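Take a look at the letters that make up each chain.
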Amino acid sequence: MKKQKRLEKIADIVTRSERKNSAQARLNGLWDVFDKDDTVLVVISADPDALASAMAMKRLLRYRVQSVTIGYPNEIRRLNNLEMVRRLKIPIERLHTLKVADYSKKILLDSQPLHQPCFEKIDFDVVIDHHPVTESWDATFIDIRPNYGAVSSIMVEYLRAAGIKPSVALATALFYGIKVDTQNFEKHAVAADGISFWYLFGFANRNLVRKFELTDLRRSELKYFKIALNELKVRKGKAFVHIGRVWSPDILVIIADFLNHVDKFSWVIVSGIHGERLVVIFRCDGYRKNAGNFAIRAFGKLGVAGGHKEAARAEVPLKNLDFPDSHEFSTQALIRLAGRHEKKKKSG
Ligand SMILES: [Mn+2]
């Protein structure tokens, strides 16, 4: 029942214009919230869709308010996202460094007040999102479209209704936002996402988008490739390598995906030590093989293991292994551990 009310409320806002539910009516409803002397805080959880949406909102309000500040609570760790912020020079500030009370209007994009404790404390004037509708909060202007693949698609509609042609930076951000949230349209999206995407195609710099997508390595992590190439051992089409201690397990995934490019490897098994755990990444061609089952058979009894046909992962506390000193663990040890269940299978 309440959900219905929420949607009615959205309808309330947009029916103020004679053209019901039109992009123009929504835009007017949004603009009605603001005055010339407003200082606006746009709050986002910084991922590509949210960052792009915040840029679009800043553009929509440029000549209509005093100032627009973008604040985000989370530390941005994904290199793809950092690359986007750096290359597009997106002006964002950590939320905890801002005084929320200093702003006369607050906007939440690509999220809802109950999604994060730090959002819950803020009284938002505008909420625009595409996640399922949540209840027991309110705002002057609400536009939630759960069927949309990205808020960036919604923001493109606002920009077009306002007759604003996006700059290359803004178009590139929105293009990337839609691409990431719809996983290149392999995830759920509606025709409207496609229309916004098509519209941006003419303005976005796709070389820049490719650079965001490619950037997932720190220069300091290149050394792990050297270890991988030096330590690589191949047994019957299975490529094994233990990388040693790593700063983040993500690098093990990158190395496993890299080795999976090699033609004769039907399996790739990469391990490393992160904190007090041995992390093992599995890749295979997924054809008459099952990486998930392999991971469970080999490591399920020692720790957590699982995954899909073509990709799997295991995490084993070091104390469950016979290696009191983690430096002693090696590619040989990985081969032995991963091979144990195979021997059992033969004898049993
Ligand atoms: Mn989103």
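Because the structure is predicted, anything quoted here is derived from the model rather than measured. (Residues numbered from 1 in each chain as written. Predicted model: local features only at pLDDT ≥ 70, side-chain atom pairs only at ≥ 80, totals over all residues.)

1. Digging into the overall build of the protein chain
In plain terms, the rule: Numbering of helices and strands runs from the N terminus; a helix is a DSSP stretch of H or I covering at least four residues, while a strand is a stretch of E covering at least two. For every residue, the other C-beta atoms within 10 Å of its own C-beta are counted; 20 or more classify it as buried, 12 or fewer as exposed, and values in between as partly exposed. C-beta atoms are placed from the backbone. With C-beta atoms placed from the backbone, a contact is any residue pair whose C-beta atoms sit within 7 Å.
When helices and strands are tallied, the protein chain shows 13 helices and 12 strands. Referenced to the eigenvectors of the C-alpha coordinate spread, the extents of the protein chain come out at roughly 80 × 45 × 40 Å. A buried classification covers 38% of the 348 residues belonging to the protein chain. Across the protein chain, every contact between residues at least 6 apart in sequence was considered, and the portion connecting residues at least 24 apart equals 62%.

2. Digging into the pairing of strand β5 (residues 126-129)
Put simply, the rule is: Being paired, for any two strands, means DSSP has found at least two bridges between them.
Going residue by residue along β5, you find Val126 and Ile128 tucked away on one face and Val127 and Asp129 tucked away on the opposite face as well. Summarising the sheet, strand β4 (residues 105-109) and β5 pair through three bridges and their orientation is parallel. Pairing of Leu109 across the sheet is with Ile128, part of β5. Two strands pair when backbone bridges link them, and β5 and strand β6 (residues 141-144) are joined in this way by four bridges, in the parallel orientation.

3. Description of the nonpolar core
The line we're drawing: In these notes, a nonpolar core means any group of buried Ala, Val, Leu, Ile, Met, Phe, Trp, Tyr and Cys residues linked to one another through C-beta atoms within 7 Å.
Judged by nonpolar contacts, the single largest core of 58 residues is most densely connected at Val42, Ile44, Ala56, Leu109 and Leu174. Residue contacts for Leu109: discarding those within four places in its chain leaves Val42, Ile44, Ala50, Ser53, Ala54, Met57, Ile128 and Val151. Counting 35 residues, the second largest nonpolar core, distinct from the first, contains Leu259, Phe329, Leu334 and Leu337.

4. Thoughts on the sheet that holds strand β2 (residues 67-72)
To be explicit about the condition: With axes taken as lines fitted to C-alpha atoms, and helix axes fitted only over the stretch in contact, angles between N-to-C directions fall between 0 and 180 degrees.
Taken in spatial order, the six strands make up an open sheet running β3-β2-β1-β4-β5-β6, and their pairing is parallel. Strands with a single pairing partner mark the edges of an open sheet, and in this sheet they are β3 (92-94) and β6. When the angles between neighbouring strand axes are averaged without regard to direction, this sheet yields 25°. Sheet topology note: the β2/β3 ladder contains three bridges and is parallel.

5. Re helix α12 (residues 291-299)
The condition that has to hold: As used here, the arc belongs to the directions running from the helix axis to the C-beta atoms.
Listed in full, the buried residues belonging to α12 are Ala291, Phe294, Ala295, Ala298 and Phe299. Along the axis of α12, the buried positions cluster into a sector of 100°, meaning they face one direction only.

6. A few points about the domain arrangement of the protein chain
Applicable threshold: As used throughout, domain bounds are those supplied by an automatic or database domain assignment.
Split into domains, the protein chain comes out as domain 1 (2-214) and domain 2 (220-347). The straight-line distance from the C-alpha centre of domain 1 to that of domain 2 is 40 Å.

7. Here's the deal with the sheet that holds strand β7 (residues 233-235)
Judged by pairing direction, the sheet is mixed, and its six strands sit side by side in the order β7-β8-β9-β10-β12-β11 without closing on themselves. Two strands lie at the open edges of the sheet, namely β7 and β11 (304-307), each paired on one side alone. Averaged over all neighbouring strand pairs, the angle between strand axes comes to 15°, with direction disregarded. With respect to the sheet, helix α11 (residues 250-259) is in contact with β8 (238-245), β9 (267-274) and β10 (277-284), its orientation differing from that of β9 by roughly 165°.

8. Concerning the packing of helix α7 (residues 168-181) against helix α9 (residues 206-214)
Each pair of packed helices gets described by two things: the angle between the helix axes and the distance between those axes. Put simply, the rule is: Working definition: roughly parallel below 35 degrees, roughly antiparallel above 145 degrees, roughly perpendicular at 65 to 115 degrees, and oblique for all remaining angles. Left-handed describes a crossing whose near helix is turned anticlockwise from the far helix by less than a right angle; the clockwise case is right-handed. Each residue is assigned to one class: nonpolar for Ala, Val, Leu, Ile, Met, Phe, Trp, Tyr, Cys and Pro, charged for Asp, Glu, Lys and Arg, and polar for all the others, Gly among them.
Where α7 meets α9, the axes come as close as 10 Å, and the angle between the chain directions of the two elements is 50°. When the axis of α7 is compared with that of α9, the two are oblique. Along this stretch, α7 crosses α9, giving a crossing that reads as right-handed. Across the interface between the two elements, Thr172, Phe175, Tyr176 and Lys179 from α7 touch Leu208, Val209 and Phe212 from α9. Class assignment for the residues of the contact of α7 with α9 results in five nonpolar, one polar and one charged.

9. Digging into the packing of helix α3 (residues 48-60) against α7
Where α3 contacts α7, the two axes come as close as 8 Å, and the packing angle between them is 145°. At the point where α3 passes α7, the crossing takes the left-handed sense. Together, Pro48, Asp49, Leu51, Ala52, Ser53, Met55, Ala56 and Arg59 of α3 and Leu170, Ala173, Leu174, Tyr176, Gly177, Val180 and Asp181 of α7 make up the contact between the two elements. When the residues that make up the contact of α3 with α7 are grouped by side-chain class, the tally is 10 nonpolar, two polar and three charged.

10. Structural notes on unusual backbone geometry
In the Ramachandran plot, Ser136 falls in the positive-phi region, its phi being about 55° despite a non-glycine side chain. Relative to the helices and strands, Ser136 is located in the loop between β5 and β6. Ser136 sits in the exposed class, given 7 other C-beta atoms within 10 Å. Not every positive phi belongs to a glycine, and Phe185 is a case in point at roughly 65°. Structurally, Phe185 can be placed in the loop between α7 and α8 (191-201). The partly exposed category is assigned to Phe185, around which 13 C-beta atoms lie within 10 Å.

11. Some thoughts on α3
Operational definition: Multiplying one less than the number of residues by 1.5 Å gives the expected span of a helix.
Spanning 13 residues, α3 covers 18 Å between terminal C-alpha atoms, matching the ideal 18 Å at 1.5 Å per step. Burial of α3 is extensive: 12 of the 13 residues sit out of reach of the surface. Turning to α3, its buried residues number three or more, namely Pro48, Asp49, Ala50, Leu51, Ala52, Ser53, Ala54, Met55, Ala56, Met57, Lys58 and Leu60. Tucked into the core, α3 has its buried residues touching β1 (39-43), β2, α4 (79-87), β4, α6 (151-161) and α7.

12. Some words on the environment of Ala291
Mapped onto the elements, Ala291 comes out in helix α12. C-beta crowding within 10 Å serves as the criterion here: with 24 such atoms nearby, Ala291 is assigned to the buried category. As a C-alpha pair, Ala291 and Ala338 span 47 residues in sequence and 12 Å in three-dimensional space. Apart from residues no more than four positions distant in its own chain, Ala291 is found in contact with Phe282, Arg283, Cys284, Gly307, His308, Lys309, Glu310, Ala311 and Ala312.

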